[in-house]
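Overview (structure and organization)
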Amino acid sequence: MEKNIRDALKGKQKLPPNQMATVVKKVVLEIRKSGVYIPIKVFDFAAAQMCREYPDTFEERDDDGALIGGGFFGLSEKMRNHNIYLNRPHVNKFQDQNLHKEVKKLRKNVNLCSGNINNAPELNEEFGLERDDINKGELSIPEIVKKWPNLQTFDGICRHFAATTGCDISQLGNIMQEKRNIIAKACLPNRSANILREHNSTNQENPDQENSLPAPEPPETSRELQNDAKIILKIIADYFKEKIEAIFGNQTTNTDDFLIRENDAPPKFSIIYRNIVLHETNSWWEAFTMYFADIYIFCKLYPVEASQTLEFVQRYILKINPEGTKSKKRCIKTCNLKVLSLIRKIKNISS
């Protein structure tokens, strides 16, 4: 490795793009000595090792200073892309054909249920009993909710979620309100721009603020913020070309997915599972918070039609960054690269 790169590693400095590319090329060439067709997990393992030894140089963080993904997925992505480039026909014809060897697969160690590398979980006796019922699988989800009053209330669900992940999900609404302008700005080049323009066209008091939503207010003080909440999620969903109706709608839910249903009479919102009401509330933010928490508490996966939207909320808003993913899509094994790309985009806008 060149002296300037070694000095940067010792000095805990970030590498400029040309030096980072040099490091990636050397590491990939070293890995390819064991074979040309490398499993993705090999690159993840190598990137994780590099981030552990030189965190200040290689770890990726968002605009709030929290790790993006596992901190190493960006580096792993660069390695995979360079390996793909080397496997292209115009490059591969110059490769030594004797390099084609079997590569031993690494053991899969991915937690799809929960995990938060930015916080440490806190446990208590009641939490342990609730987890026992959930993990045994002898009772259905509605039966578990009925058995444990702690899982019937907003505060109880937030406490259980905090014990599982170390994350205070009760602040989800406030954080999304604070981040909504920068999220909208990052997503504007896509179809979500139309939603934002439609929203701002009804706001004649501030004609100069075309690319911003109204100033955030506490959810309890304004009914309009319920519409703003849907706008934020729809902006994110449109960026990923997903369907927000997979999260809230009036359709029946015979699948294994949760759903937020809006009612004609109070309580205004219900969280539904297999057409059975689990929770009810008059607050849209509380409904979405309980919806998201239920996915984690009951070890479910994100609905296919909104998996990237929910993973963005998980990784950027809540800073929950396990190495695995809760997506049902088979092609996604670790962290969704489109989600990481949007987080990087937001970081570049804020810096």
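Heads up: these notes are all about the structure in this document.

Next up on the list: the overall build of the chain. The number of helices and strands found in the chain is 15 helices and three strands. Buried residues in the chain amount to 50% of all 351 residues. The contacts in the chain between residues at least 6 apart in sequence include a share of 65% that link residues at least 24 apart. As presented, the chain carries roughly 18,400 Å² of accessible surface, and 49% of it is formed by carbon and sulfur atoms.

Ordered in space as S1-S2-S3, the three strands form an open sheet in which the pairing is antiparallel. Whereas interior strands pair on both sides, the edge strands pair on one side only; in this sheet they are strand S1 (258-262) and strand S3 (276-281). When strand polarity is set aside, the average angle formed by the axes of neighbouring strands in this sheet is 30°. On top of the sheet, helix H13 (residues 284-297) reaches S1, strand S2 (269-273) and S3; it is set at about 165° to S1, its chief contact.

Let us now look at H13. Residues separated by three or four positions in an α-helix point in the same direction, a consequence of the helix having 3.6 residues per turn. The end-to-end C-alpha distance of H13, which contains 14 residues, comes to 20 Å, matching closely the 20 Å that a straight helix rising 1.5 Å per residue would cover. Buried residues dominate H13, accounting for 13 of its 14 residues. Cys299 occupies a position one or two residues after H13 and carries a positive phi of about 55°.

Glancing now at the packing of aromatic side chains. Using the criterion set out here, one finds 14 aromatic pairs in the structure. An angle of 90° between the planes, with centres 5.2 Å apart, marks the rings of Tyr239 and Phe240 as edge-to-face. Among the residues examined, Tyr239 registers a relative accessible area of 16% and is labelled buried. On the accessibility criterion, Phe240 (7% relative accessible area) is buried. A ring pair is formed by Phe240 and Phe312, whose centres lie 6.5 Å apart and whose planes are at 55°; its orientation type is tilted. Of the two residues, Phe240 is situated in the loop between helix H12 (224-239) and S1 and Phe312 in helix H14 (residues 307-317); the sequence distance between them amounts to 72 residues.

Before going further, it helps to examine the pattern of salt bridges. Within this structure, the stated rule accounts for twelve salt bridges. With a shortest N-O distance of 3.2 Å, Glu77 and Arg344 are connected by a salt bridge. One end of the pair, Glu77, is in helix H5 (residues 73-86); the other, Arg344, is in helix H15 (residues 337-350), and 267 residues separate them in sequence. Residue Glu77 is classed as buried on the basis of its relative accessible area, which comes to 18%. For the salt bridge of Asp133 with Lys147, the shortest nitrogen-to-oxygen distance reads 2.8 Å. With Asp133 in helix H7 (residues 125-136) and Lys147 in helix H8 (residues 141-147), this residue pair connects regions lying 14 residues apart in the sequence.

A word on the nonpolar core. One finds Met79, Phe288 and Phe312 to be the most contacted residues of the largest nonpolar core, which totals 88 residues. Looking at which element gives the most residues to this core, the answer is H13, with eleven residues. Sequence-distant contacts of Met79, that is, excluding residues within four places in its chain, are made with Val24, Val27, Val28, Phe43, Ala46, Ala47 and Met50.

Once that is clear, we can look at the pairing of S3. Two strands pair when backbone bridges link them, and S2 and S3 are joined in this way by five bridges, in the antiparallel orientation. By the bridge assignment for S3, Ile272 is matched with Val277. Between S2 and S3, which pair antiparallel and follow one another directly, the connecting turn spans two residues, one of which, Arg274, has a positive phi of 50°.

A word on helix H3 (residues 40-53). Across its 14 residues, H3 extends 20 Å between first and last C-alpha, which sits within 8% of the 20 Å expected from 1.5 Å per residue. Every buried residue belonging to H3 is among Val42, Phe43, Asp44, Ala46, Ala47, Ala48, Met50 and Cys51, and all of these are buried.

When glycine is set aside, most residues are seen to have a negative phi, and most peptide bonds are trans. Looking along the chain, the bond that leaves Pro266 and enters Pro267 is cis, with omega of -10°. Considering the arrangement of structural elements, one finds Pro267 in the loop between S1 and S2. Phi angles above zero are rare outside glycine, and Asn275 is one such case at about 65°. Structurally, Asn275 is set in the loop between S2 and S3.

Rules used in this analysis
- Residues numbered from 1 in each chain as written.
- Predicted model: local features only at pLDDT ≥ 70, side-chain atom pairs only at ≥ 80, totals over all residues.
- Heavy atoms only, no water.
- Helix = DSSP H or I, 4+ residues; strand = E, 2+ residues; numbered from the N terminus.
- Buried < 20%, exposed > 50% of the residue type's maximum accessible area, 1.4 Å probe, protein only.
- Contact = heavy atoms within 4.5 Å.
- Areas by Shrake-Rupley, 256 points an atom, 1.4 Å probe, with all protein chains shown as cover.
- Pairing = 2+ DSSP bridges.
- Axes fitted to C-alpha atoms, helices over the stretch in contact; angles between N-to-C directions.
- Expected span 1.5 Å × (residues − 1).
- Phe/Tyr/Trp six-rings, centres within 6.5 Å; stacked < 30°, edge-to-face > 60°.
- Salt bridge = Lys/Arg side-chain N within 4 Å of Asp/Glu carboxyl O.
- Core = buried A, V, L, I, M, F, W, Y, C linked by side-chain atoms within 4.5 Å.

Functional significance is not addressed by these values, which are geometric in nature.
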